[in-house]
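Below are the chains, spelled out letter by letter.
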Amino acid sequence: DAGITQSPRYKITETGRQVTLMCHQTWSHSYMFWYRQDLGHGLRLIYYSAAADITDKGEVPDGYVVSRSKTENFPLTLESATRSQTSVYFCASKTGSGYNEQFFGPGTRLTVL
Amino acid sequence: EDQVTQSPEALRLQEGESSSLNCSYTVSGLRGLFWYRQDPGKGPEFLFTLYSAGEEKEKERLKATLTKKESFLHITAPKPEDSATYLCAVPINQAGTALIFGKGTTLSVSS
């Protein structure tokens, strides 16, 4: 099916563990994004990528690592998870630079114990 | 400081009772404004893009309007299936890669 998929949809991990959230899109969009959504804060940008091998920080990048070796995939890694990283994570994509809309995936709910 | 504020935080309507949601913004040089709908447990779903003051877009019972300082999402004769959280967002850089989102308005429509 076309669109953005995220996996896993739910994840429980422990403090200090490494965890990777996966994002895959079938539209061949050049731009991809990772957001976190928390009560009281709304959606905040973690990292984005303009193309394969091009990534840049967003508003809240600390504690996260991204890579983009293929256009369709944009994994987000928490190298050493902390409780403050408990959140819902959304991946998004858009076709190119400029003020066009982003399309979001279904989200991953991550709990760090 | 760039900021997006949505009001009210929550809105309860009876089916058929029209109302409006507000999104006010303070950004240097508006480049566009997006409206999204988010259902519980799902990702935001794109609704509208508005680029300039005076612009209006419609989709079924929803109509979005834009002025130089705010945007309104008008809901005409809402139905229970319109219940959701509505988010607005504004790009704050030239590449359109950085969006500031409002915290949303949660709409509940009862029959």
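Below is a short write-up of the structure. (Residues numbered from 1 in each chain as written. Chains lettered and ligands numbered in written order. Predicted model: local features only at pLDDT ≥ 70, side-chain atom pairs only at ≥ 80, totals over all residues. Heavy atoms only, no water.)

### Describing the overall build of chain A
At step 1: Assigned secondary structure in chain A consists of 0 helices and 11 strands.
At step 2: Along its sequence from the N terminus, chain A presents helices and strands in the succession β-β-β-β-β-β-β-β-β-β-β.
At step 3: For 113 residues, the compact-globule formula gives about 13 Å, and the C-alpha radius of gyration of chain A, at 13 Å, lands near that figure.
At step 4: For chain A, the spread of C-alpha atoms along the three principal axes comes to 35 × 25 × 25 Å.
At step 5: Across the 113 residues in chain A, those meeting the buried criterion constitute 48%.
At step 6: Contacts in chain A between residues at least 24 apart in sequence constitute 55% of all its contacts with a sequence separation of at least 6.
At step 7: Carbon and sulfur atoms form 48% of the exposed surface of chain A, whose accessible area is close to 5,500 Å².
At step 8: Counting 11 positive and 10 negative side-chain charges, chain A places the averaged centre of each group 6 Å from the other. (Helix = DSSP H or I, 4+ residues; strand = E, 2+ residues; numbered from the N terminus. Rg over C-alpha atoms; globule rule 2.2 N^0.38 Å. Buried < 20%, exposed > 50% of the residue type's maximum accessible area, 1.4 Å probe, protein only. Contact = heavy atoms within 4.5 Å. Areas by Shrake-Rupley, 256 points an atom, 1.4 Å probe, with all protein chains shown as cover. Lys, Arg positive; Asp, Glu negative; His and termini not counted. Charge placed at Lys NZ, Arg CZ, Asp CG, Glu CD.)

### Points about the interface of chain B and chain A
At step 1: On the chain A side, the residues contacting the 22 residues of chain B number 23 residues.
At step 2: Interface of chain B and chain A: buried area, both sides summed, is about 1,700 Å²; carbon and sulfur atoms make up 57% of it.
At step 3: Looking only at chain B, the three residues that lose the most surface to chain A are P44, T97 and F101 of chain B, adding up to 30% of its buried area.
At step 4: There are 0 salt bridges connecting chain B and chain A.
At step 5: Broken down by secondary-structure element, the contributors of at least two residues to the side of chain B that touches chain A are β4 (33-38), β5 (45-50), β9 (84-91) and β10 (99-101) of chain B.
At step 6: Element by element, the count of residues in the side of chain B that touches chain A is highest for β4 of chain B, at 3 residues.
At step 7: Taken together, the residues of the side of chain B that touches chain A sort by class into 11 nonpolar, 8 polar and 3 charged. (Buried area = accessible area lost by both parts, 1.4 Å probe. Salt bridge = Lys/Arg side-chain N within 4 Å of Asp/Glu carboxyl O. Nonpolar A, V, L, I, M, F, W, Y, C, P; charged D, E, K, R; others polar.)

### Concerning the sheet that holds strand β1 (residues 4-7) of chain A
Residue and element names in this part refer to chain A.
At step 1: The sheet built from 4 strands is open, its strands ordered β1-β3-β8-β7 with antiparallel pairing. Both edges of this open sheet fall to β1 and β7 (64-66), since each of them pairs with a single strand only. Going from strand to strand, the sheet's axes swing by 20 degrees on average, the running direction of each strand aside.
At step 2: Bridge count between strand β3 (residues 19-25) and strand β8 (residues 76-78): 3 bridges; the pairing is antiparallel. Residue pairing for β8: V19 is matched across the bridge by L78. (Pairing = 2+ DSSP bridges. Axes fitted to C-alpha atoms, helices over the stretch in contact; angles between N-to-C directions.)

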